[in-house]
Amino acid sequence: MSDWPTSLTLRPIQAWPGTLTAERKRSTFSAPWRLTLNLIDRELRHLGVDGAAPAVLQIALRESDFRLDGMPRARAVADHPGVILSIESKHGPLSYPCDTFTTWQENLRAIGLALESLRRLDRYGITPGGEQYTGWKQLPTGPNRDVETRAAELLAGLADMSAADIVSDPEAARLAHRKARAASHPDRFGGRRASWDQVERAAEVLGIGGAR
């Protein structure tokens, strides 16, 4: 596999966020691998990623499955097809896990197509601040106020509510959780659980993980 974007660094997956998909499906993608790499490169550039601060693609390979130049060996076999694309973007840190399809290459293309769809919203001037990416912002770890704030912001972006209300009002938090679950349900994204898992983690951080 050649022509990898210079703005992308490859790493083994350290931990999968949430639960892996039990029943995966074959995609309907027919594009050559080169076009997938071009798609990822283009979307990373639009997000302000460059070689000085590359994005990170995690694949379920071992360290020994990567060559000295950081690329995966031709015969390397992943433990599962899930991939995680982490981006330090102009909108803040973003994370996109995907294991919907049967190969990691298909899952990477799915992420690229999702990024392309999100970017198109900017064309109509309704998300000038990149709000469409809010639901995929990485949540920091650790028991502190910043974590709660980021969790509330994630739910607020999907529920169209105030993050301040979510933090201060338990009823508002539960309502935001219900709305965010509906907005991020995997059925709306062809089985992709990226946003759903982020919502559930945000709810756990805010102490409303059992809410429905």
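This section reports on the structure supplied with the text. (Residues numbered from 1 in each chain as written. Predicted model: local features only at pLDDT ≥ 70, side-chain atom pairs only at ≥ 80, totals over all residues. Heavy atoms only, no water.)

1. Looking at the sheet that holds strand β2 (residues 55–59)
Part 1: Taken together, 4 strands build an open sheet; the order of strands is β1-β2-β3-β4 and the sheet is mixed. Across the chains shown, the open sheet's two edge strands, defined by having one partner strand only, are β1 (8–12) and β4 (92–98). The sheet shows a mean angle of 20° between the axes of neighbouring strands, direction not considered.
Part 2: Where β2 and strand β3 (residues 83–89) come together, 4 bridges link them in antiparallel fashion. In the strand pairing of β3, Q58 is matched with I84. (Pairing = 2+ DSSP bridges. Helix = DSSP H or I, 4+ residues; strand = E, 2+ residues; numbered from the N terminus. Axes fitted to C-alpha atoms, helices over the stretch in contact; angles between N-to-C directions.)

2. Digging into the nonpolar core
Part 1: W4, L8, L57, L85 and I87 are the most contacted members of the largest nonpolar core, which totals 27 residues.
Part 2: With 6 residues, helix α2 (residues 104–120) is the largest single contributor of residues to this core.
Part 3: Dropping the residues within four chain positions of it, W4 is found in contact with L10, W33, L37, L57, M71, P72, W104 and L108.
Part 4: Judged by nonpolar contacts, the second largest core, of 14 residues, contains A159, A173, A176 and A180. (Core = buried A, V, L, I, M, F, W, Y, C linked by side-chain atoms within 4.5 Å. Buried < 20%, exposed > 50% of the residue type's maximum accessible area, 1.4 Å probe, protein only. Contact = heavy atoms within 4.5 Å.)

3. Examining the packing of aromatic side chains
Part 1: With the rule as written, the count across this model stands at 4 aromatic pairs.
Part 2: Consider the rings of F29 and F101, whose centres lie 5.4 Å apart with planes at 65°: the pair is edge-to-face. Of the two residues, F29 is situated in the loop between β1 and α1 (33–46) and F101 in the loop between β4 and α2; the sequence distance between them amounts to 72 residues.
Part 3: Under the relative-accessibility criterion, F29 is labelled partly exposed at 29%.
Part 4: Here the aromatic cluster, defined as three or more aromatic residues joined through ring pairs, consists of W4, W33 and W104. (Phe/Tyr/Trp six-rings, centres within 6.5 Å; stacked < 30°, edge-to-face > 60°.)

4. With respect to α1
Part 1: In this model α1 runs 20 Å from its N-terminal to its C-terminal C-alpha over 14 residues, within 8% of the 20 Å that 1.5 Å per residue would give.
Part 2: Of all the positions in α1, only T36, L37, L39, I40, D41, E43 and L44 are classed as buried.
Part 3: In the segment just after α1, G48 is the residue with positive phi, at about 85°. (Expected span 1.5 Å × (residues − 1).)

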